[in-house]
Each structure stands twice: as structure tokens, then as C-alpha cells.
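Listed below, chain by chain, are the residues.
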Amino acid sequence: MIAQPLEYIAPEPFAAFLSRLKGILREKEISLILVGLPRNMDGSYGPAALKVQEFVAALKDAVTVPIKTWDERLTTVQAQKFLIQGNVRRDQRKQKVDKTAAAILLQSYLDGLAK
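Right, let's walk through the structure included here. (Residues numbered from 1 in each chain as written. Predicted model: local features only at pLDDT ≥ 70, side-chain atom pairs only at ≥ 80, totals over all residues. Heavy atoms only, no water.)

Below, the discussion takes up the overall build of the chain. For the chain, the helix and strand inventory stands at four helices and two strands. In sequence order, the secondary structure elements of the chain are arranged as α-β-α-β-α-α. Its C-alpha atoms give the chain a radius of gyration of 15 Å, within 12% of the compact-globule value 13 Å for 115 residues. With the C-alpha coordinates aligned to their principal axes, the bounding extent of the chain is approximately 40 × 35 × 35 Å. Counting all 115 residues of the chain, 30% fall into the buried class. A separation threshold of at least 6 residues defines the contact pool for the chain, and within that pool the share at least 24 residues apart is 65%. In the form shown here, the chain has an accessible surface area of approximately 8100 Å², with 54% of it arising from carbon and sulfur atoms. Distance from the positive charge centre (17 side chains) to the negative charge centre (12 side chains) of the chain: 5 Å. (Helix = DSSP H or I, 4+ residues; strand = E, 2+ residues; numbered from the N terminus. Rg over C-alpha atoms; globule rule 2.2 N^0.38 Å. Buried < 20%, exposed > 50% of the residue type's maximum accessible area, 1.4 Å probe, protein only. Contact = heavy atoms within 4.5 Å. Areas by Shrake-Rupley, 256 points an atom, 1.4 Å probe, with all protein chains shown as cover. Lys, Arg positive; Asp, Glu negative; His and termini not counted. Charge placed at Lys NZ, Arg CZ, Asp CG, Glu CD.)

Okay, here's the thing in C-alpha cells:
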């Protein structure tokens, strides 16, 4: 399998995020939600990871689909390099970087399952 970006949904406001997510869950028959967990380069967790863990806790109360976190270190850097190599203009890269980083995160997870 090859991961492809679907869409970026802003997490705030949470009610709007949740509404769109639930729509996608129904439309695509999703069996797992994968959330990127930011870690420091030494593997420790910082303030951003704590925010993600709080977000995941709130999400678990709102949906029935299992949720898994996955290390997202360097996915944004990889996404930027990928978009630059693809000659994507700077103004368009800003719009596409989150979706591309999410696809890289998902591909990393899928590759990990294959091992």
C-alpha cells in the first residue's frame, strides 16, 4: 500500500474538526485513526506531545474508531524536501506541507506493519 494525503482538517474549532472527521469516517469506512506524536530528537516528549496526548484523549471520547499515535519526527522536513524536489512553488508548499507530512507519517506506519 502507498499512503496518499486526503485532506487537512484544522483541529480548531474542535466541534468543526469533529464534524468533518466523523463525515470522513463514515464516507471512507476508516478502521484506525493515526495521529502524529511529536517527539524531541532524543526521543523525549515535550509540550507539543502533551497537547497531542490531550487531543487524542478528547478524540477517544468522541469517536469509536481506534486511535494510535506514531512518531512524527522529521515528517515536516521530509515533506518540505519532497515538495521542493517536485518544484512546488513556495506559496503552494505552505498549503500542501501538512497533507504531505501526514502521508509520510502514514507510509512510515504502513512500512512498520510490513516488517
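From this point, the narrative continues.
Quick look at unusual backbone geometry now. Look at the link from Glu12 to Pro13: it is a cis peptide, with omega at -5°. Here Leu74, not a glycine, exhibits a phi torsion of approximately 70°, which is positive. With respect to the helices and strands, Leu74 occurs in the loop between strand 2 (67–71) and helix 3 (75–85). Assessed through its relative accessible area of 47%, Leu74 is described here as partly exposed.

With that settled, consider the pairing of strand 1 (residues 33–37). For strand 1, the tally of buried residues reaches four of five residues, placing the bulk of the element in the interior. Pairing geometry for strand 1 and strand 2, over five bridges, is parallel. Residue pairing in the sheet places Leu37 in a bridge with Asp71 of strand 2. A crossover links strand 1 with its parallel partner strand 2, the connecting element being helix 2 (residues 47–62), and its sense is right-handed. (Pairing = 2+ DSSP bridges. Right-handed = clockwise from strand over helix to strand, strands pointing away.)

Take the environment of Lys99 next. Mapped onto the secondary structure, Lys99 falls in helix 4 (residues 90–114). Relative accessible area serves as the criterion here: at 30%, Lys99 is assigned to the partly exposed category. Along the primary structure Lys99 and Tyr8 are separated by 91 residues, whereas in three dimensions their C-alpha atoms are 5.7 Å apart. The contact partners of Lys99, leaving out residues within four places of it in the chain, are Pro5, Leu6, Glu7 and Tyr8.

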